[in-house]
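# Observations on the three-dimensional arrangement
Now for the letters of each chain:
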Amino acid sequence: MEHDTLSHAEIQRIARRLDRTIVLVGMMGVGKTTVGRKLASLLSVPFIDADEEIERAAHMSVAEIFAHYGEEHFRDGERRVIARLVGDQTPARKVLATGGGAFVDPLTRALLLDRSATVWIDTDIDILVERVGRKDSRPLLRGGDPRTILTTLREERTPHYRHAPIHVISGHQPHLVTAHKILKAVDAWL
């Protein structure tokens with residue numbers, strides 16, 4: 001077993017101490033959904049993807065919401081869905097992955113900071129470009145150079161992400177390693 005990973009007993013100890021939702025924030029492509037699923041599995045708690053919940057509530061994809069109604073309408077719906085998911089603390093222990101722009105909204109950010117263990121997953125721009133190039137479902141990347149758009153978004157959003165009390169760097173390591181880093185950071189924060 002890698003030296004960066006926690007033992008089953010250590011993970012169980014952290015899970016017992018956890019009394020709130022772990023919310024993952026950060027840029028598109030950092031791995032919030034993939035890491036979040038692994039993290040939830042390690043903790044034996046439910047995993048929720050905010051974008052999937054928004055799509056379910058709207059009966060359309062995020063890309064369709066952007067195309068038909070615009071980003072402002074999407075952010076309003078996103079704020080309401082996240083408030084419901086974090087406000088509903090049954091079960092209190094769960095992992096929630098948010099969209100890249102969710103934490104930029106001041107009301108959403110205040111709610112998350114008050115009611116969750118908020119984790120900013122961060123990585124460098126080259127990794128983001130590599131990861132988001134695999135999907136064509138990112139509405140903010142349509143109609144432009146992904147590197148330029150991601151660089152601009154990252155510069156605009158980083159001051160907001162810095163409010164998260166827990167900051168974890170994700171690199172080229174497996175997502176499971178990032179999940180273990182988050183567990184260690186959450187344990188130190190609790």
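Data block above holds the structure.
Summarised in this report is the structure supplied together with it.

### A look at the sheet that holds strand E2 (residues 47-49)
Read across the sheet, five strands follow the order E2-E3-E1-E4-E5 without closing on themselves; strand pairing throughout is parallel. Strands with a single pairing partner mark the edges of an open sheet, and in this sheet they are E2 and strand E5 (166-169). For this sheet the average axis-to-axis angle between neighbouring strands, irrespective of direction, equals 25°. Where strand E1 (residues 21-25) lies against strand E4 (residues 116-122), five bridges are found, and the strand directions are parallel. When the sheet's bridge partners are listed, Val23 is paired in E4 with Thr118. Across the sheet, helix H9 (residues 175-189) touches E1, E4 and E5, and the angle it forms with E5 is around 155°.

### Comments concerning unusual backbone geometry
For Ser44, which is not glycine, the phi torsion reads 60° and is therefore positive. Of note, Ser44 is situated in the loop between helix H2 (32-43) and E2. Classification of Ser44 as exposed rests on a relative accessible area of 59%.

### A word on helix H8 (residues 146-161)
Where H8 bends most, the angle comes to about 30°, and this point is Glu155, followed within four residues by the proline Pro159. Of the positions making up H8, those classed as buried are Ile149, Leu150, Leu153, Arg157, Thr158 and Tyr161.

### Brief notes about the environment of Arg131
With respect to the helices and strands, Arg131 occurs in helix H7 (residues 125-132). The class for Arg131 is buried, based on a relative accessible area of 13%. Sequence separation of Arg131 and Gly31 is 100 residues, and the distance between their C-alpha atoms is 8.6 Å. Beyond its immediate chain neighbours, meaning those up to four positions away, Arg131 contacts Gly29, Val30, Gly31, Ser170, Gly171 and His175. In terms of polar contacts, Arg131 uses its side chain to reach the backbone carbonyl oxygen of Gly29, at 3.1 Å.

### Concerning the packing of aromatic side chains
Counted according to the given criterion, the structure contains two aromatic pairs. Each ring, one from Trp120 and one from Tyr161, has its centre 5.8 Å from the other, and the planes form 35°; the classification is tilted. A residue pair is termed long-range when its members are at least 10 positions apart, and Trp120 in strand E4 and Tyr161 in helix H8 qualify at 41 residues. Each member of the pair, Trp120 as well as Tyr161, is classed as buried.

### Concerning the side chain of Ser116
Of note, Ser116 is situated in strand E4. Here Leu112 takes part through its backbone oxygen, which lies 2.6 Å from a polar atom of the side chain of Ser116. Polar side-chain contacts of Ser116 include one of 2.8 Å to the side chain of Thr118. Those residues in contact with Ser116 that lie beyond four places of it in its chain are Arg20, Thr21, Val23 and Trp189.

Cut-off values and rules
- Residues numbered from 1 in each chain as written.
- Predicted model: local features only at pLDDT ≥ 70, side-chain atom pairs only at ≥ 80, totals over all residues.
- Heavy atoms only, no water.
- Pairing = 2+ DSSP bridges.
- Helix = DSSP H or I, 4+ residues; strand = E, 2+ residues; numbered from the N terminus.
- Axes fitted to C-alpha atoms, helices over the stretch in contact; angles between N-to-C directions.
- Contact = heavy atoms within 4.5 Å.
- Buried < 20%, exposed > 50% of the residue type's maximum accessible area, 1.4 Å probe, protein only.
- Bend = angle between axes of the 7 residues up to and from the residue.
- Polar contact = N/O pair within 3.5 Å; in protein donor to acceptor, adjacent residues only side chain to side chain.
- Phe/Tyr/Trp six-rings, centres within 6.5 Å; stacked < 30°, edge-to-face > 60°.

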